[in-house]
Amino acid sequence: MPLKINNLKFITKTFLFLAAIILPSVLVAQEIIEDDVKEPEKKVDSVLTEGAQKLDGVAAVVGDYVVLDSDIDRTIIQLKAQGASLEGVTRCQLFGKLLEDKLYAHHAIQDSIEVSDAEIRSNVDYQIQQFLAQSGKSMEELLEFYNKPDEKSFRDEMYEINKSNKLASEMQSKIIDEIEVTPEEVRQFFNKIPKDERPTFGTELKVSRIVIEPQVSEEEKQRVINQLKQFKADVLDNGASFRSKVVLYSDDKASIPQGGLYTLNRKQPRMVKEFREVAFSLQEGEISDPFETDFGYHIIYLEKVRGQEYDVRHILLIPKVSDDAVKEAREKLVKIRQRIVDGDISFEDAARESSDEKETRSEGGFLINPVTQDYNFELTKMDPELYGQIQDLKEGEVSLVQTDRGQTGNVKFQILKVSDRVDEHVADYSRDYLKIKDLALNEKRFRAIDKWQEEKIMDTYIKINGEYRDCEFTGNWLKN
């Protein structure tokens, strides 16, 4: 009997939330267990409590892994530090998710699932860089926050966490990757949903836009290139510090606290193609010539090569656009809009002919929904910024010229149009087949995961200690 749609939506939401909060960025201890496990003596609240302090102890054993009291505490601290709302989330729920993760990781090892050490270490580097950049904290402050004596021990623990989570993820993928639903299964799934419980799909529409960006003059481009050449010469000829140049001049503000440092991996694409190609062509200690990407002009210093990993520092300079170029770009888009309004050209043809946004130009200006990978956007799930730009538009209406900012921070102009609006409605099998198919597939995957978990819990050494035995689990962790 399939899950009722309301339950399915609730379970989906809960599953995704719990999967998202126990991320590699959450520091949870991993270690191989000993035979004797001492149960904690201190009573543990089953709900999240503000500022709770407890003696550490082993909360559970799952296969070759242990879950400590402190693992849950660290999770709560990390989530609060990230500004996450824990309203309605109990300590037992977080504990249950940790048990699941350890079960997946344990059986991934039993099934000889392999993960890339280089990829995991690169993830650790990236996580640390992102945390430092977004928080504005120093490495010393980060170590103090996580109560770590030095950077090596911090990185080692993050490595073990990332490895365990990666194993768990790979195991979950193995369980569901080959699961599919047939049209008949979709039909049966839909027909078994009571009419008064069928899902309601929100208003959907398509959004298209035309973007015109002010052009940078050749003189400005050359000025930037010459400045980067001077930086390179000063480092090579005069012994100047590349890192100091980054701090003083780079327009990549996010990387300045790390001195422009990024760690690239040949097997894990990161940064734009042009950046990677230049970085991987350098010898250790070499500085590149200036080169261009969509973000501006760069020079790269290859600091260290560790197998497939490259530690690089870079300086980014973004050419400035003149006031005349800004005025010219706006006037150009005003004329394009008038041609569309007058019926001289369709919005789609104008986009293909004139838009500077290469991602949408060939699509006739239509934006692609990053979640569904089609042209349809559900209003209630739309990016707030995009919603603010189109909320007052009627179907087929072309917006006035709007001022926006590109990825380099320079001004750009756009016009938008909405089309193919479908108002909120109760699910219809013919119209909403693809959405219903996704729901049916998700339910089938949940059933497969539940079946796997039930079987593996019975086949795995599991011990739940102390007050955690009083938790109300969704799985049979106590093997009753």
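Residues numbered from 1 in each chain as written. Predicted model: local features only at pLDDT ≥ 70, side-chain atom pairs only at ≥ 80, totals over all residues. Heavy atoms only, no water.

**What to know about the packing of aromatic side chains**
What the rule picks out here adds up to ten aromatic pairs. Aromatic side chains Phe190 and Tyr429 sit 5.6 Å apart centroid to centroid with 45° between the ring planes, which places their arrangement in the tilted category. Taken together, the residues Phe190 in helix α7 (residues 183-191) and Tyr429 in the loop between β12 (425-426) and α15 (433-459) connect sequence positions 239 residues apart. Take Phe190: its relative accessible area is 5%, and that puts it in the buried class. Considering the side-chain rings of Tyr429 and Tyr433, the 5.6 Å spacing of their centres and the 85° angle between planes classify their relative orientation as edge-to-face. Given a relative accessible area of 26%, Tyr429 falls into the partly exposed group. Put simply, the rings of Phe95, Tyr468 and Phe473 pair up and form one aromatic cluster. Here Arg121 stacks its cationic end above the ring of Tyr159, 4.2 Å away from the centre of that ring. Of note, Lys435 hangs over the ring of Phe201, and the distance from its end group to the ring centre comes to 5.6 Å. (Phe/Tyr/Trp six-rings, centres within 6.5 Å; stacked < 30°, edge-to-face > 60°. Helix = DSSP H or I, 4+ residues; strand = E, 2+ residues; numbered from the N terminus. Buried < 20%, exposed > 50% of the residue type's maximum accessible area, 1.4 Å probe, protein only. Lys NZ or Arg CZ within 6 Å of the ring centre and 35° of its normal.)

**Description of the sheet that holds strand β7 (residues 296-306)**
Pairing within the open sheet is antiparallel, and its four strands lie in the order β5-β8-β7-β6. A strand with exactly one partner marks an edge of an open sheet, and here the two such strands are β5 (261-265) and β6 (291-293). Taking each pair of neighbouring strands and ignoring which way they run, the sheet shows an average axis angle of 50°. Judged from the five bridges that link them, β5 and strand β8 (residues 309-317) form a sheet pairing that is antiparallel. Bridge pairing in β8 links Thr263 to Asp311. Taken strand by strand, helix α4 (residues 117-135) contacts β5, β7 and β8, and its axis lies near 160° from that of β5. Relative to β8, helix α9 (residues 242-249) is tilted by about 40°, and along the sheet it contacts β7 and β8. (Pairing = 2+ DSSP bridges. Axes fitted to C-alpha atoms, helices over the stretch in contact; angles between N-to-C directions. Contact = heavy atoms within 4.5 Å.)

**Thoughts on the packing of helix α3 (residues 91-110) against helix α6 (residues 151-176)**
For the pair α3 and α6, interaxial distance at closest approach is 7 Å and the crossing angle is 80°. Compared by their axis directions, α3 and α6 come out roughly perpendicular. For the pair formed by α3 and α6, the contact residues are Asp101, Lys102, Tyr104, Ala105, His107, Ala108 and Ile109 on the first element and Ser164, Asn165, Leu167, Ala168, Met171, Gln172 and Ile175 on the second. Its residues assigned to classes, the contact of α3 with α6 shows eight nonpolar, four polar and two charged. (Parallel < 35°, antiparallel > 145°, perpendicular 65-115°, else oblique. Nonpolar A, V, L, I, M, F, W, Y, C, P; charged D, E, K, R; others polar.)

**A short note on the state of the cysteines**
One pass over the structure, following the stated rule, counts one disulfide. The disulfide partner of Cys92 is Cys471, and the S-S distance across this bridge is 1.9 Å. Its S-S torsion of approximately -70° makes the covalent link between Cys92 and Cys471 left-handed. Of this pair, Cys92 sits in helix α3 while Cys471 sits in the segment after β13 (462-464); the two residues are 379 residues apart in sequence, bridging distant segments of the chain. (Disulfide = S-S within 2.5 Å.)

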